[in-house]
Amino acid sequence: MNCQIGNDVSHAAQLLRSGKLVGFATETVYGLGANAFDERAVAGIFEAKERPTFDPLIVHLATIDQLPLVARSIPEAVSPLIEKFWPGPLTLIFPKTPAVPDLVTAGLDSVAVRIPSHPLALELLKLADVPIAAPSANRFGCVSPTTALHVAEQLGDRIDYILDGGPCAVGLESTIVSLLDAQPTVLRLGGLEIEKLEQTIGHVEIKIAGSDPGNSASETSPQLAPGMLLRHYAPRTPLVVKDSLSAPDLADGDALLLSRPGLFSIENHLCEILSMTGDLKECAAGFFSALRRLDALDPKRILAEWFPNEGLGRALNDRLMRAAATTSADSRHV
Ligand code: TXA
Ligand code: MG
């Protein structure tokens, strides 16, 4: 049986306070929330998503005042980032307080924290009045949800309510930055562009597990951002990504995912065009939805082109790379 979808934010907050699981809109992707201090509720997240417990969760707050509840100390260097980018698509890593269960952090001594900017998410977090642990509300390894319906499709029979805040404006998960060491390090490319981070805090290192095939692609090697598996965000259909597509690349039964109208897109009905102008914000906002729609048509393959490797294009390329990775060829999800 599918759970209710609605916009009753007080009901959703009450459910969270009583240890239930609630899917909710944020500006990045939909999250699957539970009271971060309630270990049983958090265990329910892992169960519903079929997520391995080595993959830590992000804790969501309503206000900066709540930060000391979960962060043991706040490195001075994070202040400019908090001031500039919270609320918003930025997750920061802090040393954790003992109040944060090990299950939330997968046994790490650090915790990932973010304040989302979606007004409904903020309202929910305020009313719940406890930190909310929330991964993306999809089954593990699958395409991230950017509408309430996406959540219902994958998790509707396993959770208690879905708070519908419309389609996500950013469309990609938050950028994760660690300032635990002197050198700011990006652990996941996401909805906040690296260029914007660097304008605020200068040069940042990018250390992303699985992004360098010669290095940490192994899913068993120690990971900088645990859970950043090489194969992730994956449709059921094989995805092939090229520098540039031309007519001879296309075989019968192939679908196309294009950042802008292409030469042969018009005649091909199995085609999603993310933006009429190739605008990367628009491409990001529609990316996961388009991937789902094409996947649902059950084509032989989905063909895509790499995005320009700048701004949100970098995060989009990271998602394409992981969605196309074939390390577990039979990891099809039902
Ligand atoms: O935009 C987002 O961040 C969304 C929305 C719902 O807020 N959430 C999200 O959560 O993408 P999830 O579970 O899909 O990604 C969590 C990732 C983990 O896989 C891991 O890579 C990283 O956050 N992470 C969590 N805790 C960490 C920690 N203590 N140190 C390093 N990385 C951590
Ligand atoms: Mg996720």
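Residues numbered from 1 in each chain as written. Chains lettered and ligands numbered in written order. Predicted model: local features only at pLDDT ≥ 70, side-chain atom pairs only at ≥ 80, totals over all residues. Heavy atoms only, no water.

Trainee: Can you explain the overall build of the protein? Please cite residues and give values.
Mentor: Regarding its fold elements, the protein presents 10 helices and 15 strands. The buried share of the protein, taken over its 334 residues, is 57%. The contacts of the protein with a sequence gap of at least 6 include a subset with a gap of at least 24, amounting to 66%. Just so you have it, the protein exposes about 14200 Å², and 52% of that area is on carbon and sulfur atoms. (Helix = DSSP H or I, 4+ residues; strand = E, 2+ residues; numbered from the N terminus. Buried < 20%, exposed > 50% of the residue type's maximum accessible area, 1.4 Å probe, protein only. Contact = heavy atoms within 4.5 Å. Areas by Shrake-Rupley, 256 points an atom, 1.4 Å probe, with all protein chains shown as cover.)

Trainee: Lay out the pairing of strand β9 (residues 175-178) in plain terms, naming residues and giving numbers.
Mentor: Along any regular strand the residues' side chains alternate between the sheet's two faces. Both faces of β9 are covered, namely the face carrying Thr175 and Val177 and the face carrying Ile176 and Ser178. Pairing of strand β5 (residues 90-95) with β9, which is carried by four bridges, proceeds in the parallel orientation. Bridge pairing in β9 links threonine 91 to isoleucine 176. Across three bridges, the pairing between β9 and strand β10 (residues 185-188) is antiparallel. From the neighbouring strand, serine 178 faces β10, where its bridge partner is threonine 185. (Pairing = 2+ DSSP bridges.)

Trainee: Which residues make up the pairing of β5, and what are the values?
Mentor: Of all six residues that make up β5, six are buried, and the element is covered over most of its length. With four bridges joining them, β5 and strand β6 (residues 110-114) adopt antiparallel strand pairing. Residue pairing across strands places leucine 92 opposite valine 113, the latter belonging to β6.

Trainee: Go over the sheet that holds strand β2 (residues 22-24), please, and point to the residues and values.
Mentor: Overall, mixed pairing links the 11 strands, which are arranged β1-β8-β2-β3-β7-β4-β6-β5-β9-β10-β11 in an open sheet. Lying at the two open borders of the sheet, with one neighbouring strand each, are β1 (4-6) and β11 (205-206). Here two bridges tie strand β3 (residues 31-35) to strand β7 (residues 132-133), and the two strands are oriented antiparallel to one another. Of the residues in β7, the one forming a bridge with alanine 34 is alanine 133.

Trainee: Let's hear about the confidence of the model for the protein: which residues, and what values?
Mentor: Residues at a pLDDT of 70 or more form 89% of the protein, whose mean pLDDT is 90. Between residues 212-223, whose pLDDT stays under 50, and residues either more than four places distant or in other chains, the model counts 15 contacts. Below pLDDT 50 for its whole length, residues 327-334 participates in 11 contacts with residues either more than four positions away or in separate chains. (pLDDT = per-residue confidence, 0-100.)

Trainee: Break down the pattern of salt bridges for me, citing the residues and quoting the values.
Mentor: For the structure shown, the criterion picks out 15 salt bridges. Notably, a salt bridge pairs arginine 72 with aspartate 109, separated by 3.1 Å at the nearest N-O pair. Highlighted residues: arginine 72 in the loop between α3 (67-70) and α4 (79-85) and aspartate 109 in the loop between α5 (102-105) and β6, separated in sequence by 37 residues. Of the residues examined, arginine 72 reaches a relative accessible area of 47% and is grouped as partly exposed. You can call aspartate 109 partly exposed: its relative accessible area is 47%. The partner of lysine 96 in a salt bridge is aspartate 102, and the shortest N-O contact between them spans 3.8 Å. Since its relative accessible area comes to 9%, lysine 96 is described here as buried. Its relative accessible area of 47% is what places aspartate 102 among the partly exposed residues. A cluster of three or more residues bridged by salt bridges with shared partners is formed by Glu173, Asp318, Arg319 and Arg322. (Salt bridge = Lys/Arg side-chain N within 4 Å of Asp/Glu carboxyl O.)

Trainee: A description of the sheet that holds strand β12 (residues 239-242) should follow, citing residues and the corresponding values.
Mentor: Two strands in a sheet stick together by hydrogen bonds in their backbones, pointing the same way (parallel) or opposite ways (antiparallel). In spatial order, the strands read β12-β15-β13-β14; together these four strands make up an open sheet with parallel pairing. Each edge of the sheet is formed by a strand with only one pairing partner; in this case those strands are β12 and β14 (271-273). Here the average twist between neighbouring strands, direction ignored, is 15°. Against the sheet, helix α9 (residues 280-296) engages β13 (254-258), β14 and β15 (301-305), with an angle of about 170° to β13. (Axes fitted to C-alpha atoms, helices over the stretch in contact; angles between N-to-C directions.)

Trainee: So what's going on with the packing of α9 against helix α10 (residues 312-324)? Which residues, and what values?
Mentor: The N-to-C vectors of α9 and α10 enclose an angle of 25°; their axes lie 9 Å apart at closest approach. Judged on the interaxial angle alone, α10 and α9 are roughly parallel. Considering the relative orientation of α9 and α10, their crossing is left-handed. Between α9 and α10, the residues in contact are Leu280, Lys281, Cys283, Ala284, Phe287 and Phe288 and Leu312, Gly313, Leu316, Arg319 and Leu320, respectively. Along the lines of polarity and charge, the residues of the contact of α9 with α10 split into eight nonpolar, one polar and two charged. (Parallel < 35°, antiparallel > 145°, perpendicular 65-115°, else oblique. Left-handed = near helix turned anticlockwise from the far one by under 90°. Nonpolar A, V, L, I, M, F, W, Y, C, P; charged D, E, K, R; others polar.)

Trainee: Now, about the nonpolar core: what can you tell me, with residues and values included?
Mentor: Core analysis: the biggest nonpolar cluster contains 76 residues, and Leu92, Phe94 and Phe287 have the highest contact counts within it. With eight residues, α9 is the largest single contributor of residues to this core. Counting residues in each nonpolar core, the second largest holds 18 residues, with Ala13, Leu124, Ala134 and Leu163 among its members. (Core = buried A, V, L, I, M, F, W, Y, C linked by side-chain atoms within 4.5 Å.)

Trainee: Residue-level account of the side chain of threonine 26, with values.
Mentor: On the secondary structure map, threonine 26 appears in the loop between β2 and β3. In this structure the side chain of threonine 26 is engaged in a polar contact, spanning 2.7 Å, whose partner is the backbone oxygen of valine 29. Within the structure, threonine 26 has its side chain in polar contact with the side chain of arginine 114 (distance 3.0 Å). Once residues lying within four places of it in the same chain are set aside, the contact partners of threonine 26 are Gly31, Arg114, Pro116, His118, Ala121 and Cys168. (Polar contact = N/O pair within 3.5 Å; in protein donor to acceptor, adjacent residues only side chain to side chain.)

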